[in-house]
Amino acid sequence: MCTETKQSKEPEATQVASRRLALCIEYAGERYKGWQKQKFDNLPTVQGYVEKALSKVANHPVSVICAGRTDTGVNATYQIVHFDSAAIRNERAWVLGTNSNLPQDIAVQWAKVVDPEFHARFSAQQRRYRYLIYSNPVMPAVLAKGVTWTHKKLDLELMQQGANYLQGEHDFSSYRAVACQAKSPVRTISEISLYRHGELLVIDVQANAFLHHMIRNIAGVLMAIGAQEAPPIWAQQVLDARDRRQGGVTAPPHGLYFVDVKYPEQYSLPATKLGPFFIGER
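As the structure is a prediction and not an experimental result, all values here were calculated from the model. (Residues numbered from 1 in each chain as written. Predicted model: local features only at pLDDT ≥ 70, side-chain atom pairs only at ≥ 80, totals over all residues. Heavy atoms only, no water.)

### Things to note about the environment of glutamine 160
For step 1, the next point in the chain: Mapping glutamine 160 onto the fold places it in helix 4 (residues 156–164).
For step 2, the next point in the chain: Linking glutamine 160 and asparagine 217, residues 57 residues apart in sequence, is a C-alpha distance of 15 Å.
For step 3, the next point in the chain: Apart from the residues lying within four places of it in its own chain, the contact partners of glutamine 160 are Ile192, Ser193 and Leu194.
For step 4, the next point in the chain: Within the structure, the side chain of glutamine 160 is placed 2.8 Å from the backbone nitrogen of leucine 194, a separation counted as a polar contact. (Helix = DSSP H or I, 4+ residues; strand = E, 2+ residues; numbered from the N terminus. Contact = heavy atoms within 4.5 Å. Polar contact = N/O pair within 3.5 Å; in protein donor to acceptor, adjacent residues only side chain to side chain.)

### Section: the pairing of strand 9 (residues 200–207)
For step 1, the next point in the chain: Of all the 8 residues making up strand 9, 8 are buried; the element is thus mostly covered by neighbouring parts of the structure.
For step 2, the next point in the chain: Where burial is concerned, the two faces of strand 9 agree: the one with Leu200, Val202, Asp204 and Gln206 and the one with Leu201, Ile203, Val205 and Ala207 are both buried.
For step 3, the next point in the chain: Here strand 5 (residues 126–135) runs beside strand 9; their pairing, made up of 8 bridges, is antiparallel. Paired with isoleucine 133 across the strands is leucine 201, a residue of strand 9.
For step 4, the next point in the chain: The antiparallel pairing of strand 8 (residues 186–197) with strand 9 creates a hairpin that spans 2 residues between the two strands, and glycine 198 there sits at a positive phi of about 65°. (Buried < 20%, exposed > 50% of the residue type's maximum accessible area, 1.4 Å probe, protein only. Pairing = 2+ DSSP bridges.)

### Topic: the nonpolar core
For step 1, the next point in the chain: Among the nonpolar cores identified, the biggest contains 76 residues, and Ile80, Ile203, Tyr263 and Leu269 are the most heavily contacted of them.
For step 2, the next point in the chain: When residues in this core are grouped by element, the largest group, 9 residues, is from helix 5 (residues 214–226).
For step 3, the next point in the chain: If sequence neighbours within four positions are ignored, tyrosine 263 has contacts with Ala67, Ile80, Phe118, His119, Ala120, Ser123, Ala124, Gln125 and Leu269.
For step 4, the next point in the chain: Within the second largest apolar cluster, 10 residues are counted, among which are Val147, Tyr195, Val202 and Val259. (Core = buried A, V, L, I, M, F, W, Y, C linked by side-chain atoms within 4.5 Å.)

Here is the structure:
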């Protein structure tokens, strides 16, 4: 009878269909060597911690795909990932269970069962980043690794004039890292705007996709323009050169935040207020 009972349960277990789930993840990148898990070392990565936590909740190995890989030190408030699992858990359990197994600087904001065709990377239509600059003669102690500090006084209007040259579809070879592996340097910036929020200056950029170090290199050029070390037209001249050596200094990573991803409405992903939380909506 024990044998018959065992045989009757095995088919039932294999009938559980795998479901695709999407998660929204927020993290401070200061302690991590970027998003992507490394194959041949034990360096701490956000993906590594997320997969380990999810695997505990699912009770099986979990591998996730993200909307956009972030570099060492870069933050995110709306990183979207997807994974497949046959584990029977409700959405709240995925959130609370995963968070209980994550360090305090990584948190799942929501979980949602999605269509099997959904892909966190390839279904994305637009991605949005914010770069935060604290322009003040004295460096900050609070959030020192959550913003980029400069003692220089930055002219917001001049920076916006320079940024305007970058809007639209362009070859951004001058604004990508030398080691960038993207097949094409052409990207389309649909919006790039600058504004102040208290003591912070925010560069807000939305595009179909981004190249390696693209936002940080744009920030470096705009900060030089804002400090009146170069005229606004320099942003265009760097763009036209299609040569990274003609660009400015790559701005530090800790002022950069991945804040939004746009997907087709058919997936009905929950909206989240644009982050980081301490600057609020605009």
